[in-house]
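# Notes for the structure review
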Amino acid sequence: IGMLWQKWVEAVEKQQKQDKASEALLNFRWLIEELRVSLFAQELKTPFPVSIKRLEKIWQDLQH
């Protein structure tokens, strides 16, 4: 999770410097939070399946 979080922080900072944080990038943060729930508070459940692999795929799609 730490690596995904760091990539997200760097991308947001870069976009904010250009004054254009994308909605998709901002929404990615909530996917990271859902992943944390799925890993550390499983009893809460997530509204949709999340995994590190899924988030890495979404991240790659956001970068293109």
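Keep in mind that this is a model prediction, so the values were computed, not measured.

Procedures and definitions
- Residues numbered from 1 in each chain as written.
- Predicted model: local features only at pLDDT ≥ 70, side-chain atom pairs only at ≥ 80, totals over all residues.
- Heavy atoms only, no water.
- 1 Å grid on protein atoms, 1.4 Å probe; cavity = no way out; pocket = protein on both sides within 12 Å on 5 of 7 lines; lining within 4 Å.
- Points joined across faces, edges and corners; volume = space filled by probe spheres on them.
- Helix = DSSP H or I, 4+ residues; strand = E, 2+ residues; numbered from the N terminus.
- Nonpolar A, V, L, I, M, F, W, Y, C, P; charged D, E, K, R; others polar.
- Salt bridge = Lys/Arg side-chain N within 4 Å of Asp/Glu carboxyl O.
- Buried < 20%, exposed > 50% of the residue type's maximum accessible area, 1.4 Å probe, protein only.
- Axes fitted to C-alpha atoms, helices over the stretch in contact; angles between N-to-C directions.
- Parallel < 35°, antiparallel > 145°, perpendicular 65-115°, else oblique.
- Left-handed = near helix turned anticlockwise from the far one by under 90°.
- Contact = heavy atoms within 4.5 Å.
- Patch = residues over 30% accessible without salt bridge, like charges linked within 9 Å, V, L, I, M, F, W, Y side chains within 5 Å.
- Areas by Shrake-Rupley, 256 points an atom, 1.4 Å probe, with all protein chains shown as cover.

Turning our attention to the layout of surface pockets. Considering only enclosed or pocket space, the largest pocket measures out at about 170 Å³ in volume. Sorting the residues of the lining of the largest pocket by element identifies α1 (2–17) and α3 (52–62) as the ones contributing at least two each. Classifying every residue of the lining of the largest pocket gives four nonpolar, four polar and two charged.

According to the stated counting rule, one finds three salt bridges in the structure shown. The salt bridge partner of Arg29 is Glu33, with a shortest N-O separation of 3.8 Å. Note that Arg29 and Glu33 are positioned in helix α2 (residues 23–40) at a spacing of four residues, about one turn of the helix. For Arg29, a relative accessible area of 26% corresponds to the partly exposed category. Two residues, Lys57 and Asp61, come together in a salt bridge whose shortest N-O distance is 2.9 Å. Of this pair, Lys57 and Asp61 both sit in helix α3, separated by four residues, roughly a single helical turn. Given a relative accessible area of 46%, Asp61 falls into the partly exposed group. Taken together, the shared-partner salt bridges in this structure form one network comprising Arg29, Glu33 and Arg36.

Each pair of packed helices can be described by the angle between their axes along with the distance between the axes. At a closest axis distance of 11 Å, the pairing of α1 and α3 adopts a crossing angle of 25 degrees. Between α1 and α3, the angle is such that the two are roughly parallel. At the point where α1 passes α3, the crossing takes the left-handed sense. For the pair α1 and α3, contact is made by Leu4, Lys7, Trp8 and Ala11 and by Ile52, Leu55, Glu56 and Trp59, respectively. Looking at side-chain class alone, the contact of α1 with α3 contains six nonpolar, no polar and two charged residues.

The next thing to look at is a nonpolar patch on the surface. A surface patch of nonpolar side chains, amounting to about 310 Å² of accessible area, comprises Leu39, Phe40 and Ile52. Mapping Leu39 onto the fold places it in helix α2. Here Leu39 falls in the partly exposed class, since its relative accessible area comes to 40%.

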